[in-house]
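# Structure at a glance
Listed below are the residues making up each chain.
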Amino acid sequence: QVQLVESGGGLVQPGGSLRLSCAASESIFGIYYMGWYRQAPGKQRELVAAIHSASGTNYADSVKGRFTISRDNAKNTVYLQMNSLKPDDTAVYYCKISAPGNNYWGPGTQVTVSS
């Protein structure tokens, strides 16, 4: 059973940066989608950024220009570089990897932006 492991979350001051990583426990054949989502307390989970093999990258309007998603195909890993962080970015961040017939989710990593 493939598992995703996220890392890189933590506490950061407003204006700071974090880099999240999400690695699969084993090779996944045919990955066509890798994405990051977040869920703040009392809110629904929302898409933050994604890479799709057919359509490229897309970002939530709230993070455009501040966050960058990237992938390392050889390592089955997806990254999220987060710059100029704001208190509104505080949430649990989840990664998702999709391949034919399967959607995999990570357990989530907490990001807290506070002074």
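As a starting point, this report considers the structure included with it. (Residues numbered from 1 in each chain as written. Predicted model: local features only at pLDDT ≥ 70, side-chain atom pairs only at ≥ 80, totals over all residues. Heavy atoms only, no water.)

### Observations concerning the pattern of salt bridges
Selection criterion: Salt bridge, as applied in this entry: a Lys or Arg side-chain nitrogen positioned within 4 Å of an Asp or Glu carboxyl oxygen. Partly exposed describes any residue whose relative accessible area lies between the buried limit of under 20% and the exposed limit of over 50%, with all areas from a 1.4 Å probe on protein chains only and scaled to the type maximum.
This structure, assessed with the given rule, holds 4 salt bridges. Arg 38 is the partner of Glu 46 in a salt bridge, and the nearest nitrogen-oxygen pair spans 2.7 Å. Accessibility expressed as a relative area gives 36% for Glu 46, which makes it partly exposed. We note a salt bridge from Lys 64 to Asp 61, for which the minimum N-O separation is 3.1 Å. Members of the salt-bridge network, linked through shared partners, are Arg 38, Glu 46, Arg 66 and Asp 89.

### Digging into the side chain of Lys 96
The cut-off we apply is this: Strands are runs of DSSP state E lasting at least two residues, helices are runs of H or I lasting at least four, and both sets are numbered from the N terminus onward. Contact criterion: two residues are considered in contact whenever any of their non-hydrogen atoms come within 4.5 Å of each other.
For Lys 96, the position within the fold is in strand E9 (residues 91-99). In contact with Lys 96, not counting residues within four places along its chain, are Leu 4, Tyr 33, Met 34, Gly 35, Tyr 37, Asn 103, Tyr 104 and Trp 105.

### Points about the pairing of strand E3 (residues 18-24)
As a reminder of what qualifies: Should DSSP find at least two bridges between two strands, the strands are regarded as paired.
Counting buried positions along E3 yields 5 of 7 residues, so the element is predominantly enclosed. Sheet topology note: the strand E1 (residues 4-7)/E3 ladder contains 4 bridges and is antiparallel. The residue bridging Val 5 from the neighbouring strand is Ala 23, located in E3. Looking at chain direction, E3 and strand E8 (residues 77-82) are connected through 6 bridges and run antiparallel. From the neighbouring strand, Cys 22 faces E8, where its bridge partner is Val 78.

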